[in-house]
Each structure stands twice: as C-alpha cells, then as structure tokens.
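Okay, here's what each chain looks like letter by letter:
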Amino acid sequence: MGLYPPGNKWRKLEPNLRAAADGGHRVLLTFGGAYSNHLRATAAAGRLLGFATVGVVRGDELAARPLNTSLARCVADGMRLRFVDRATYRRKAEPSVLRAILTAAADALPVPGERVYVVPEGGSNSLAAQGCTALGRELRGAADVVGVACGTGGTLAGLAAGLAPGQRAVGFPVLRGGFLAGEVRALQLAAFGGPRGEWRLDERFHGGGYARTTPALDAFAADFEDRHGLPVERHYVAKMLHGLTTLAEEGAFPPGSTVVAVVTGGQSASAR
C-alpha cells in the first residue's frame, strides 16, 4: 500500500519528473490537502527515483494534529510536510506568495541551496495534460463515453485530447465552486494551443466538496461494494461512479453505448 504512485497520478507526474531531472533539480515541492492523492504519489515517486520531496499542506491547524493515514504515508516515503494557512494556500500561485513559501520551506531541503522544482497542486500543468493524452489513446475504440473524477482538471484535459473523434469524456468535479471548466480550457490552451476533444463537466456529484460526502453518496458506494464485491474509494471514484450511474438512469447515453469509468485511486486513499 502506498509503495507506488497511485491511480492516474503517474501519468501526470512522469513528464514533470523528467523535466525536473533534465533541469538538474533534485527536490520536488508540491501542494495538496490533508487527503491529497497527489501528495502521496509525489512522495512515493521521490522515494523511488531519488528526489527529495516537500509537501505544502492546506491548513496550518493540521500541524498540531496527529497525521492522518495519507499524510503519514507521505512522511513514511520521506516527504517533509509544511502546513500553511488557508488564505496563503489560496494565493500560492502568486509569485510573491510562492517565493515566501519556498523561503519558508528552505529548512526542509536536504542540502541548503538545492534547486527546487515546483509541481502545481494535483500535478496539473501543461506537461501533465500532455502525459494524460496516453490515457485517451489507450481508450480509442474501447468506449463511446469515458467518465473521470476531476480535482484540478489535468487528467480530463489530456484524456479528452487523446480520445478519437466521436468519443467524449465526462468529468465529475470533486470540489464545488464551478471553476473547473476554465481550468481545463486553460490547461488545453497551454498544452495543445487550444481546445482538444469533446468533453463536459457534471457539477452535481461533488458531495459538498473535497473529502466530503452525503448520505446518498455513502449509500450508493456501500450498495456498489455489496453488489460487485469491489471497494470504492470515496473522495474521487465513488463520486464519478455515482455520476455515471445517474446519467445512465437519466437516459444520457444512447442504447448500446459503451461507457468506461476511469478509476483514479484505490481504496487506500479513502478517509476513515
């Protein structure tokens, strides 16, 4: 458990790791919430490939609490955690704020002055979107519709770009706010120069936000596990499966359609 980068994260990390290595960086600094699969994946990749890793975690109140299973796995894989307040975290992409974060994290570097490669939250940037096109290419001819849970939009941006004409992707945001469509468009612009593939978002299944759930979502996941004998990760996968099932019940897919659900994380990523 936790010995390798889980789910879709490797596809997003791999091109960034190559860029870091090619640029002579041996430290990765990245961002995530308390249950971030991306933090776990980065920590595991760093341990496997010899990068030092620093995780900037949303919520300075968490510093005084026992680590949850996700953050404990990050530490076990060698990641040094730095907790920041939520207001600072929201502004982390601003150059002045990022410089301050890097300065504050300097004591976490294994060697003073070591070059740091910054991986954005969720690993989503143009390189990540390009890496995720492989997922779309693998599904060419295998599906009419592909469903995927979305945190930061990088997987959906690349997945849709890799699909063949006539295929379409549906993304199910796990955060509320309605901001993700703009993020996906911006990622495709940066990665491919403009829109690629057919995709849309369904905002109804976030369950109140990241790491949150509802009685309806819990009941759906429990029923799915009972009927199929498969564990369902709650933060991403359950929301996506609930969305696809609801769309099917609503008649969103023509009879005879083949629908593929992309599983982006295992049960070990769930909160307990």
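Residues numbered from 1 in each chain as written. Predicted model: local features only at pLDDT ≥ 70, side-chain atom pairs only at ≥ 80, totals over all residues. Heavy atoms only, no water.

J.: What exactly am I supposed to notice about the pattern of salt bridges here?
T.: Tallied over the full model, the rule gives twelve salt bridges. In this structure, the salt-bridge partner of Glu-225 is Arg-234, at a minimum N-O distance of 2.9 Å. On the basis of relative accessible area, Glu-225 is assigned to the partly exposed category, the value being 21%. A relative accessible area of 22% places Arg-234 in the partly exposed class. Salt bridges linked by common partners bring Arg-47, Arg-73 and Asp-77 together as one network. (Salt bridge = Lys/Arg side-chain N within 4 Å of Asp/Glu carboxyl O. Buried < 20%, exposed > 50% of the residue type's maximum accessible area, 1.4 Å probe, protein only.)

J.: Before we go on, may I ask you to explain helix H2 (residues 37–49) in this structure?
T.: The α-helix winds at 3.6 residues per turn, so residues separated by three or four positions along the chain end up facing the same way. Taking 1.5 Å per residue, 13 residues should reach 18 Å; H2 reaches 18 Å between its end C-alpha atoms and fits that length. For H2, the full list of buried residues reads Asn-37, His-38, Leu-39, Arg-40, Ala-41, Thr-42, Ala-43, Ala-44, Ala-45 and Gly-46. Contacts from the buried residues of H2 go to helix H1 (9–22), strand S1 (27–32), strand S2 (52–58) and helix H3 (69–76). Positive phi shows up at Gly-50, right after H2, with a value of about 85 degrees. (Helix = DSSP H or I, 4+ residues; strand = E, 2+ residues; numbered from the N terminus. Expected span 1.5 Å × (residues − 1). Contact = heavy atoms within 4.5 Å.)

J.: I'm lost on the pairing of S2 in this one. Help?
T.: If a strand is regular, its side chains alternate between the two faces of the sheet. Of all the seven residues making up S2, five are buried; the element is thus mostly covered by neighbouring parts of the structure. Two elements, S1 and S2, share six bridges in a ladder whose sense is parallel. Bridge pairing in S2 places Leu-29 opposite Val-54. Once you follow S1 into H2 and on to S2, the crossover reads as right-handed. Bridge count between S2 and strand S3 (residues 80–84): five bridges; the pairing is parallel. When the bridges of S3 are listed, Val-54 appears paired with Arg-80. After leaving S2, the chain enters H3 and then returns to the sheet as S3, a path that is right-handed. (Pairing = 2+ DSSP bridges. Right-handed = clockwise from strand over helix to strand, strands pointing away.)

These results come straight from atomic positions and should not be treated as a statement about function.
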